[in-house]
Amino acid sequence: FTCSISILFFLNKPTVLSICFKVIHDIYCFSRLSNSKMLSHCLCQVYKCLFLRNLKLNLINVATLARRIHSSAKKPSDCELKEQTVQKCETEELPQSTENKNFARLHIPVMLEEVVNCLSPQPGQRFLEMTFGAGGHTTALLEKANDITIYALDRDPTAYKIAQQLSESYPKQIQALLGQFSQSEALLISSGVEPGTLDGVLLDAGCSSMQFDTPERGFSLQKDGPLDMRMDSDRYPEMPTAADVVNALDQQALASILRTYGEERHAKKIASAIVQARSIYPITRTQQLASIVAGAFPASALHARKDLLQRPTHVATKTFQGLRIFVNDELHELLIGLKTAEKFLKPGGRLVALSFHSLEDRIIKRFLHGIDMTEKYNLGSRQKIRQALKNCSKEEDTQEFPHGKSNSKWIFIQKKVLTPQAKDIQTNPRGRSAKLRAAIKL
């Protein structure tokens, strides 16, 4: 079997390699169950070779690895998902309300006024917010219009508990949902929501201040804590943490992750430093990793990078971003969330999407313009949009709308992407990179 795979390894056939990936993955899972260590080790080596070969053939396709790692850990079915949520509510003690109120004060909702204006809530309407965070956007929508219902989705158990407590202040208006974007369809259906019945969806793709400000979660490089970064916390113990990633993957795989998800120009240099450091001792803490990354640069370059406010930023910022996106499979989850929003919105329903870096914004922009996600993005976005509109015009006449151009599925509420105002950035510097895109479903 190994000899056969070795022959296929030299074939420049991405489709064949993809099939090999799936076969080896399935056999590897079986070998682990049957405790065959020798077979598992052999398959791991072949799997590693195929992975590196696939990276070369498909340029950068680390998202496939992320989904494979996440799918290898057992996730509950729809029924089990609902039962787990109920059991967690019964067995886990809710945090003190004062603690959650502090979290709500610390987490400032991004572009609050713009979000409310774009969603334009009316009495009796139903909305889906994902992610809920600390409930700033939800509270603003409830104060704007009476008798509206909001389904508050978040994969973070802490945010879920805050949503439960906020629902006590707004009985029958807030329904808390615990789960990922990829689980939102099952959660909505189990809550009695049918496709094509929602009036608005707010999709917030960013992290919350609660996650960054809690050292135990392992998101921040400014505060020392375990190198975790899982947004689901301990809901799925088998899911790999950031520590598992930096200690297990080889140098080339780490460099691909940092380059793809962190948009890090010095990915090879950082990956080399990580591999060298972990050969001496395991990397388990956030500031430990930050120090390793900083050690890969000369002292003069440590504070050379600046953010949008021209403030010095740590050289490990993009490394942490790349690992976080990979661990949580954020880009794949975002795309599924957009598809779920389109499915559950009624004609005339509004979609508001908030992104916080170029990878997220690129996915949202392509989705709304009807551009294939698999196409390369080295061409200008205007050329892609023109091509999409040209393809639509072949099937039916292209219509123009007062608020901008649209393909066959969306009318854009704003002609251009919205960014935070100067006063908002001063109040909430963490939201400085936010971009808002809004559209109406046809």
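Values in this document were obtained by computation on a predicted structure and should not be read as measured data. (Residues numbered from 1 in each chain as written. Predicted model: local features only at pLDDT ≥ 70, side-chain atom pairs only at ≥ 80, totals over all residues. Heavy atoms only, no water.)

## With respect to the overall build of the protein
When helices and strands are counted, the protein shows 20 helices and seven strands. The buried share among the 442 residues of the protein stands at 50%. Long-range contacts, defined as pairs at least 24 residues apart, comprise 68% of the intrachain contacts of the protein with a sequence gap of at least 6. Carbon and sulfur atoms make up 53% of the accessible area of the protein, which amounts to about 22300 Å² in all. (Helix = DSSP H or I, 4+ residues; strand = E, 2+ residues; numbered from the N terminus. Buried < 20%, exposed > 50% of the residue type's maximum accessible area, 1.4 Å probe, protein only. Contact = heavy atoms within 4.5 Å. Areas by Shrake-Rupley, 256 points an atom, 1.4 Å probe, with all protein chains shown as cover.)

## Thoughts on unusual backbone geometry
In this model, M130 is joined to T131 through a cis peptide bond whose omega is 10°. Looking at where T131 falls in the secondary structure, it is placed in the loop between β1 (126–130) and α8 (136–144).

## Brief notes about the packing of helix α7 (residues 112–119) against α8
Here α7 crosses α8 at 50°, and the two axes come no closer than 10 Å. Here α7 is positioned oblique relative to α8, judged by the angle of their axes. The element α7 and its partner α8 pack so that their crossing is right-handed. On α8, the residues that touch L112, V115, V116 and L119 of α7 are G136, H137, A140, L141 and K144. In the contact of α7 with α8, the residues fall into six nonpolar, two polar and one charged. (Axes fitted to C-alpha atoms, helices over the stretch in contact; angles between N-to-C directions. Parallel < 35°, antiparallel > 145°, perpendicular 65-115°, else oblique. Left-handed = near helix turned anticlockwise from the far one by under 90°. Nonpolar A, V, L, I, M, F, W, Y, C, P; charged D, E, K, R; others polar.)

## Structural notes on the pairing of strand β7 (residues 435–441)
With five of its seven residues buried, β7 lies for the most part within the structure. Note: strand β5 (residues 345–355) against β7, six bridges, orientation antiparallel. By the bridge assignment for β7, A353 is matched with R437. As defined by bridge partners, strand β6 (residues 410–412) adjoins β7 across three bridges and the pair is classed as antiparallel. Counted as the bridge partner of I411 is I440 from β7. (Pairing = 2+ DSSP bridges.)

## Considering the packing of helix α15 (residues 286–295) against helix α16 (residues 317–328)
Orientation of α15 relative to α16, taken along the N-to-C sense of each, is 125°, at an axis distance of 10 Å. By the criterion of interaxial angle, the relationship of α15 to α16 is oblique. Along this stretch, α15 crosses α16, giving a crossing that reads as right-handed. For the pair α15 and α16, the contacting residues are T286, L289, A290 and V293 in the first and T319, F320 and L323 in the second. Broken down by class, the residue content of the contact of α15 with α16 amounts to five nonpolar, two polar and no charged.

## Digging into the environment of R235
As for its placement among the helices and strands, R235 is situated in the loop between α11 (209–212) and α12 (242–248). Residue R235 is classed as buried on the basis of its relative accessible area, which comes to 8%. In this structure the C-alpha to C-alpha distance between R235 and P157, which are 78 residues apart in sequence, comes to 8.1 Å. Among the polar contacts listed, one links the side chain of R235 to the side chain of Y236, at a separation of 3.5 Å. (Polar contact = N/O pair within 3.5 Å; in protein donor to acceptor, adjacent residues only side chain to side chain.)

## Describing the confidence of the model for the protein
For the protein, the average pLDDT comes to 78, and 66% of its residues sit at 70 or higher. Scored below 50 in pLDDT, residues 1–17 shows 29 contacts in the model against residues more than four places distant or in partner chains. (pLDDT = per-residue confidence, 0-100.)

## Regarding the side chain of E114
Note on placement: E114 falls in helix α7. In this structure, E114 is buried with no salt-bridge partner, the nearest side chain bearing the opposite charge being K423 at 7.6 Å. Within the local environment of E114, its side chain forms a polar contact with the side chain of Q421, the two groups lying 3.4 Å apart. Filtering out sequence-adjacent residues up to four positions away, E114 remains in contact with L418, Q421, D424 and L436. (Lys, Arg positive; Asp, Glu negative; His and termini not counted. Salt bridge = Lys/Arg side-chain N within 4 Å of Asp/Glu carboxyl O.)

## Structural notes on the pattern of salt bridges
For the coordinates displayed, the defined rule picks out 13 salt bridges. With its nearest N and O atoms 2.8 Å apart, the salt bridge here joins D213 to R430. Of this pair, D213 sits in the loop between α11 and α12 while R430 sits in the loop between α20 (422–427) and β7; the two residues are 217 residues apart in sequence, bridging distant segments of the chain. Overall, the relative accessible area of 23% leaves D213 in the partly exposed class. R430 sits in the partly exposed class, given a relative accessible area of 43%. Through salt bridges with shared partners, a single network forms among R155, D232 and R235.

## Details of the sheet that holds β7
The seven strands lie next to each other as β3-β2-β1-β4-β5-β7-β6, forming an open sheet whose pairing is mixed. Strands at the two margins of the open sheet, each flanked by one partner only, are β3 (174–178) and β6. Along the sheet, successive strands turn relative to each other by an average axial angle of 20°, direction set aside. Relative to β5, strand β4 (residues 198–204) is paired through six bridges, and the arrangement is parallel. Note that in β5 the partner of G200 across the bridge is R350. Against the sheet, helix α9 (residues 157–169) engages β2 (149–154) and β3, with an angle of about 165° to β3.

## Observations concerning the environment of S191
Residue placement: S191 occurs in the loop between α10 (184–190) and β4. With 16 residues separating them in the primary sequence, S191 and Q175 have C-alpha atoms 8.5 Å apart. For S191, the contacting residues outside a window of four places in its chain are Y151, Q175 and L177.

## What to know about the pairing of β2
A regular strand places its side chains so that they alternate between the two faces of the sheet. In terms of burial, β2 is largely enclosed, as six of its six residues are buried. Neither face of β2 is exposed, since T149, Y151 and L153 on one face and I150, A152 and D154 on the opposite face are all buried. Across five bridges, β1 lies against β2 in parallel orientation. Within β2, the position partnered with M130 by the bridge is L153.

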